[in-house]
Amino acid sequence: MNILGIETSCDETAASVVADGRRVRSNVVASQIALHRAHGGVVPELAARGHVTAIIPVVEAALGEAGIERAGVDVVAVTEGPGLAGALLVGVNVAKALAYSLGRPLVAINHLEAHVYANWLMLPVDGTSPVAEPPPAFPLVCLLVSGGHTELILMTDHGHYRHLGRTLDDAAGEAFDKGARLLGLGYPGGPVIQRVAEAGDPTRFDLPRAWLGESYDFSFSGLKTALLRLAEPYRLPPSLEPAPTVGPFPEHQAAAFAPDAPLADLAASYQAAVVEVLAVKTARAALEFGAKTVLLAGGVAANAALRTCLADEVARRCEPELGPVPVRYPPPALCTDNAAMVAGAAFYALRRGAQAGWETDIHPRLRLTGT
Ligand code: KG4
Ligand code: ZN
């Protein structure tokens, strides 16, 4: 079954064809990063207009890469939320029009569920045969960390989600993005902090970890404030800073630092603080709920330090009681927003009868629920 997935919830216009929920036949992403970089973050109206111009060429490219005609699409799947309203409208309308004109079922997918299901996808190796990995085993614990969300989820079967914890303030990706802005490193923050941190000492600066007792919730706002205080002495006086950027993020104007500022150590210490809390709480949950698999999902799952730290914590805490528990994460291209994950999730949603009607609306504030 060929499912055409469409994703326009934030700043990536994406389309993909996935066969039978797992085999990625094409995965096309038109990134708007360059469009938003000058503003230091995603500007909703620009994002929506970017999707309007990109969506049809992206769908065409996805069909072309998969080597199928429109008639070869069996199901059309689209992200219904959460996300930016104007951005979601573009994808949902195009998906509806395609499904309606082709006479095919439409499936509306929760963006968070799609991120989780990126872990079921298999990418072709050398453009030919896919990696034949078995699907993740239940029960599993999934840490979903993206620019807008930080959620710890227990999944006992397909479509069965139990929320164990979530962020009380900033999302993990947001913490990376704001930290990078405070250090004058640019946007998006995750990849740049990871790169700069490679040359740094993660133990040089002692940044706070918000453990919040035994809870599985997270909090990153105090960490950001602590970074601001640590970086302050190294900032150039305002008269030597570059002209302020114009845009909707004035509280985080690009900062300029003295040449001897320990930016690598600051970035490495900051990254270590974000990653440690995420990894320890996920491993604790895996132990408590007897997880057979631990999954990472979302844009921050691309972070190498998080992957290593989580694997260490799971081995250290879970293995003595549960035996080896595999830690899995999608390849980086399937961690950040893409449409293959939407098409993949739709296959399993359709098996549960989750077909959408033509009156389907967008849901900008959608949460992940399900029993
Ligand atoms: O999942 P995603 O593409 O979009 C949302 O649904 O939000 O996640 C984007 C987020 C951004 O905050 C970005 O800084 C972060 O993922 N990110 C990373 C890395 N790559 C992307 N964070 C840490 N390390 C990375 N390598
Ligand atoms: Zn996302």
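What counts as what
Residues numbered from 1 in each chain as written. Chains lettered and ligands numbered in written order. Predicted model: local features only at pLDDT ≥ 70, side-chain atom pairs only at ≥ 80, totals over all residues. Heavy atoms only, no water. Near = heavy atom within 4 Å. Polar contact = N/O pair within 3.5 Å; in protein donor to acceptor, adjacent residues only side chain to side chain. Helix = DSSP H or I, 4+ residues; strand = E, 2+ residues; numbered from the N terminus. Domains from an automatic or database assignment. Contact = heavy atoms within 4.5 Å. Buried area = accessible area lost by both parts, 1.4 Å probe. Salt bridge = Lys/Arg side-chain N within 4 Å of Asp/Glu carboxyl O. Donors = N, O, S within 2.8 Å, 3.2 Å for Na, K, Ca; no water. Tetrahedral: all angles 85-135°; square planar, octahedral: opposite > 155°, others 65-115°. Buried < 20%, exposed > 50% of the residue type's maximum accessible area, 1.4 Å probe, protein only. Disulfide = S-S within 2.5 Å.

The immediate surroundings of ligand 1 are formed by 20 residues, with Gly147, Asp177, Gly190, Asn303 and Asp337 found nearest. At 3.1 Å from an oxygen atom of ligand 1 is found a main-chain nitrogen or oxygen belonging to Gly173. Elements with a minimum of two residues in the shell around ligand 1: α4 (111–117), α5 (172–182) and α6 (189–197). Ranked by the residues each element gives to the shell around ligand 1, the list is headed by α6, at four residues. Each of domain 1 (2–123 + 332–356) and domain 2 (140–328) gives at least three residues to the shell around ligand 1.

So, about the domain arrangement of the protein chain. Each assigned domain of the protein chain is listed here: domain 1 (2–123 + 332–356) and domain 2 (140–328). Taking the mean C-alpha position of each, domain 1 and domain 2 sit 26 Å from one another. Contact residues are listed per partner, giving 25 residues for domain 1 and 28 residues for domain 2. Taking both sides of the interface into account, the surface hidden between domain 1 and domain 2 amounts to around 2000 Å²; carbon and sulfur atoms contribute 64%. Three residues stand out in domain 1 for area buried against domain 2, namely Val116, Asn119 and Cys335, and they jointly supply 26% of the buried area on that side. Here domain 1 is connected to domain 2 by zero salt bridges. Linking domain 1 with domain 2 are six residue pairs in polar contact (both at pLDDT 80 or more), by the criterion used here. Of all the elements in the fold, those that place two or more residues in the side of domain 1 that touches domain 2 are α1 (33–37), α4, α10 (332–335) and α11 (340–351). It is α4 that contributes the most residues to the side of domain 1 that touches domain 2, five residues altogether.

All right, on to the coordination of the zinc ion (ligand 2) then. Here the zinc ion (ligand 2) is held by His111 (NE2), His115 (NE2) and Asp337 (OD), and the distances to it run 2.0 to 2.1 Å. If you look at the zinc ion (ligand 2), its four donor atoms make angles of 94 to 139° with each other, and the shape they trace is irregular. Positions of the donor residues of the zinc ion (ligand 2) along the chain correspond to the pattern H-x3-H-x221-D. With His115 in helix α4 and Asp337 in the loop between α10 and α11, this pair connects stretches of sequence that are 222 residues apart. On the basis of relative accessibility, which here comes to 1%, the residue His115 falls in the buried class. Taking relative accessible area as the criterion, Asp337 reaches 15% and is therefore assigned buried.

Further remarks concern the state of the cysteines. A complete count under the given rule lists zero disulfides for this structure. Left unpaired, Cys10 is separated from the closest cysteine sulfur, that of Cys335, by 16 Å. A relative accessible area of 24% places Cys10 in the partly exposed class.

Topologically, Glu113 is positioned in helix α4. Of the polar contacts made by the side chain of Glu113, one reaches the side chain of Arg352; its length is 3.1 Å. In contact with Glu113, not counting residues within four places along its chain, are Gly159, Tyr161, Ala345, Arg352 and Leu368.

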